[in-house]
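Each chain is listed here by its residues.
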Amino acid sequence: MDRQNLELDAAITDVRGRFLKDNPKSAARHEDAKRALPGGNTRAVLWYEPFPLTLTGGKDCRVTDLDGHTYVDFVSEYTAGLYGHSNARIAAAIKAVADSGWVLGGPNPYEARLGQAVVDRYPAIERVRFCNSGTEANLMALSTARAVTGRAKILAFDGGYHGGILTFAHGGSPLNAPYPFIFAQYNDMAGTAALIRDQAKDLAAVILEPMMGGGGCIAAKPEFLAMLRKETEQAGILLIFDEVMASRLSYRGYHGMAGIKPDMVTLGKYIGGGCSFGAFGGRADILDRFDPASPNAFGHGGTFNNNIFSMAAGFTGFTEVLTEAALDRMNGLGDELRDGMNALLAERKVAGVVTGVGSIMNLHFVDHEVRSPHDVEESDPRWLHLWQLEMMLKRQYVTPRGMIALSLPISRTEIVAFLDLFADFLDGYRSILPKRT
Ligand SMILES: Cc1ncc(COP(=O)(O)O)c(C=O)c1O
């Protein structure tokens, strides 16, 4: 092992030791959790070494842990926490439901109003149906595409993430839903077009995030999206945009911003106002197959599809809190943060780049352009691990994979403070971080 390698290992041992010393109650809670939950975990993304912090509360853009520390929250519940942790209007909507009763077993006054708001805002969504999660929304969209087209295969992108059982990083998961998937490389114009043409007669759908979130916050090139629209349209293949994360990057959704009309769009995360949520929508002629009064209607059950907490909190958040101005402000602050981090990396001559769009971004320690998840595979994960734990010790709550998501309550004050601490991190570890060539 060379010296830099040894120093990096020593730095990791040191930061883990300080993290453990700082968080004895979280460490003990994690050990205890292992008795009932495998590895103490029930949600893969929330696990990291040496143990995840236990969170006990949140206010605006801050979260508190079991050991009593308060953090500025740059995880924002992996984009679902867009409204922060204590929005008063959403809290009132939830309280109103709690006061008037829930699990009622019938349509409620909120679901169609939320549906209408979604239809009014997103150009490609002419009709919408609700479900319980982004995973479920994507499963429904893919199954719908297969039923509507009578074709079996789905084209997805290497390294993409569309849910717990639709995960295509590192060769995919053995638990993935057993659709016959074929894979292309994100942003590969020629290769993807050739694959679509070659497989056209068997392809029901092409599914992608217009900006990959879990895949590393990598935006599709506009010409790539335009090519996908043209090729799928010509071949009668449904184009599905997974906007579970990306819809929050523009008031009219990512597709509205990009000026592309996919056949179907899936939604999730923040749209439930902080309660469980998923939705799939799109062309009226496709979605109207779900009209129970129509001949040969597709059935679509789900006990909590219209969960009154999600519908009420979602409607209030979407229509009263998420104004165009508020969204633009948050995404503008995200651009400032990303530009600021990139400037610091360049000044310090560290090989790193922060990718993303607006309020969602990802730090990668690589020395080249990032066009697809493949471009970040070689990066040593120890650098991000060191970054995460150091930023946590500085009371900035960040993700293990380098992803950052803002929430509406974050202001420029938090952004400026984060940039100062990021500069300190780069200065402190310059000798063991990768060098820019
Ligand atoms: C792009 C994308 N699609 C789908 C999902 C799955 O959503 P859920 O976790 O609600 O099932 C996620 C979750 O991270 C996501 O980021």
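Residues numbered from 1 in each chain as written. Predicted model: local features only at pLDDT ≥ 70, side-chain atom pairs only at ≥ 80, totals over all residues.

**Considering the site of the ligand**
Part 1 of the reasoning: The ligand sits among 16 residues. The nearest are Ser133, Gly134, Thr135, Gly163 and Val244.
Part 2 of the reasoning: Per-element accounting of the shell around the ligand gives the leading share, 3 residues, to helix H5 (residues 134–149). (Near = placed C-beta within 6 Å. Helix = DSSP H or I, 4+ residues; strand = E, 2+ residues; numbered from the N terminus.)

**Re the sheet that holds strand E6 (residues 181–184)**
Part 1 of the reasoning: The strand order across the open sheet formed by 7 strands is E4-E12-E11-E10-E7-E5-E6, and the pairing between neighbours is mixed. Every interior strand has two partners, whereas the edge strands, strand E4 (127–131) and E6, have only one. Shown here is a sheet whose adjacent strand axes are inclined to one another by a mean of 20°, direction ignored.
Part 2 of the reasoning: Pairing of strand E5 (residues 153–157) with strand E7 (residues 203–208), which is carried by 3 bridges, proceeds in the parallel orientation. Looking at the pairing, Lys153 lines up with Leu203 of E7.
Part 3 of the reasoning: The sheet contacts of helix H4 (residues 111–121) involve E4 and strand E12 (278–282), and relative to E4 the element is tilted by about 130°.
Part 4 of the reasoning: On top of the sheet, helix H6 (residues 189–199) reaches E5, E6 and E7; it is set at about 155° to E6, its chief contact. (Pairing = 2+ DSSP bridges. Axes fitted to C-alpha atoms, helices over the stretch in contact; angles between N-to-C directions. Contact = placed C-beta atoms within 7 Å.)

**Structural notes on the nonpolar core**
Part 1 of the reasoning: Within the largest apolar cluster, 115 residues are counted, with the highest numbers of intra-cluster contacts made by Ala205, Val206, Met211, Ile240, Ala279 and Ala312.
Part 2 of the reasoning: Among the domains, domain 1 (3–50 + 57–82 + 323–428) and domain 2 (88–321) are the pair contributing at least three residues each to this core.
Part 3 of the reasoning: With residues up to four places along the chain from it excluded, the contact list for Ala312 reads Ala93, Ile94, Ala96, Val97 and Tyr110. (Core = buried A, V, L, I, M, F, W, Y, C linked by C-beta atoms within 7 Å. Buried ≥ 20, exposed ≤ 12 C-beta atoms within 10 Å, placed from the backbone. Domains from an automatic or database assignment.)

**Let's talk about the packing of H4 against helix H10 (residues 308–321)**
Part 1 of the reasoning: Taken N-terminus to C-terminus, the directions of H4 and H10 make an angle of 35°; their axes are 9 Å apart at the nearest point. Considering how the two elements wind past one another, H4 and H10 form a crossing that is left-handed. Contact residues: H4 offers Glu111, Arg113, Leu114 and Ala117, while H10 offers Met311, Gly314, Phe315, Phe318 and Thr319.
Part 2 of the reasoning: Looking at the contact of H4 with H10 residue by residue, the class counts come to 5 nonpolar, 2 polar and 2 charged. (Left-handed = near helix turned anticlockwise from the far one by under 90°. Nonpolar A, V, L, I, M, F, W, Y, C, P; charged D, E, K, R; others polar.)

**Quick notes on the sheet that holds strand E14 (residues 360–364)**
Part 1 of the reasoning: Strand order in the open sheet made by the 3 strands is E13-E14-E16, with antiparallel pairing throughout. The sheet is open, and its two edges are formed by strand E13 (353–357) and strand E16 (403–405), each paired on a single side. Neighbouring strand axes in the sheet, compared pairwise and without regard to direction, differ in orientation by 20° on average.
Part 2 of the reasoning: Helix-sheet contacts for helix H11 (residues 324–347) involve E13 and E14, and the interaxial angle to E13 is about 165°.

**Focus: the domain arrangement of the chain**
Part 1 of the reasoning: The domain boundaries assigned to the chain delineate domain 1 (3–50 + 57–82 + 323–428) and domain 2 (88–321).
Part 2 of the reasoning: Here the C-alpha centre of domain 2 lies 27 Å away from the C-alpha centre of domain 1.
Part 3 of the reasoning: Counting from both sides, the interface comprises 23 residues of domain 1 and, opposite them, 21 residues of domain 2.
Part 4 of the reasoning: Breaking the side of domain 1 that touches domain 2 down by element, the ones donating at least two residues are H11, E13 and E14.
Part 5 of the reasoning: Residue classes in the side of domain 1 that touches domain 2 are distributed as 11 nonpolar, 10 polar and 2 charged.

**Focus on helix H12 (residues 381–393)**
Part 1 of the reasoning: With 13 residues, H12 extends 19 Å between its outermost C-alpha atoms, agreeing within 8% with the 18 Å of an ideal straight helix rising 1.5 Å per residue.
Part 2 of the reasoning: Burial of H12 is extensive: 10 of the 13 residues sit out of reach of the surface.
Part 3 of the reasoning: Residue Arg395 follows H12 closely and has a positive phi angle near 65°. (Expected span 1.5 Å × (residues − 1).)

**Some points on the packing of helix H1 (residues 3–22) against H12**
Part 1 of the reasoning: Two elements in contact, H1 and H12, have axes whose closest approach is 10 Å; the angle formed by their N-to-C orientations is 30°. Of the possible angle classes, the one that applies to H1 and H12 is roughly parallel. In this structure, H1 meets H12 at a crossing whose hand is left-handed. Residues Leu8, Ala11, Ile12, Val15, Arg16, Arg18, Phe19 and Asp22 of H1 pack against Arg382, His385, Leu386, Leu389, Glu390, Met392 and Leu393 of H12.
Part 2 of the reasoning: Classifying every residue of the contact of H1 with H12 gives 9 nonpolar, 1 polar and 5 charged. (Parallel < 35°, antiparallel > 145°, perpendicular 65-115°, else oblique.)

**Concerning the environment of Asp202**
Part 1 of the reasoning: As for its position among the elements, Asp202 is in the loop between H6 and E7.
Part 2 of the reasoning: In the structure, Asp202 is positioned 52 residues away from Gly150 in sequence and 8.7 Å away in space, judged by C-alpha atoms.

**Here's the deal with unusual backbone geometry**
Part 1 of the reasoning: With an omega dihedral of -5°, the bond running from Glu49 to Pro50 counts as a cis peptide bond.
Part 2 of the reasoning: As for its position among the elements, Pro50 is in the loop between helix H2 (24–33) and strand E1 (55–59).
Part 3 of the reasoning: Unlike most non-glycine residues, Asp60 shows phi in positive territory, near 50°.
Part 4 of the reasoning: Relative to the elements of secondary structure, Asp60 occurs in the loop between E1 and strand E2 (62–65).
Part 5 of the reasoning: The exposure class assigned to Asp60 is partly exposed, which follows from the 18 C-beta atoms found within 10 Å.
Part 6 of the reasoning: Phi at Thr79 takes a positive value of approximately 90°, unusual for a residue other than glycine.
Part 7 of the reasoning: If you trace the backbone, Thr79 turns up in the loop between strand E3 (70–73) and helix H3 (88–100).

**A look at the pairing of E2**
Each regular strand displays side chains that alternate between the two surfaces of the sheet.
Part 1 of the reasoning: Because side chains alternate across E2, one face comprises the buried residues Val63 and Asp65, and the other comprises Arg62 and Thr64, none of which is buried.
Part 2 of the reasoning: Linkage of E1 to E2, two consecutive antiparallel strands, is achieved through a turn of 2 residues, within which Asp60 is found at a positive phi near 50°.
Part 3 of the reasoning: One ladder, built from 3 bridges, connects E2 with E3; its direction is antiparallel. Along E3, the bridge assignment pairs Arg62 with Val72.
Part 4 of the reasoning: Adjacent in sequence and paired antiparallel, E2 and E3 are bridged by 4 residues, among which Gly68 carries a positive phi angle near 90°.

**Quick look at the environment of Pro381**
Part 1 of the reasoning: Topologically, Pro381 is positioned in helix H12.
Part 2 of the reasoning: The exposure class assigned to Pro381 is exposed, which follows from the 11 C-beta atoms found within 10 Å.
Part 3 of the reasoning: On a C-alpha basis, the gap between Pro381 and His364 in space is 9.5 Å, while along the polypeptide they are 17 residues apart.

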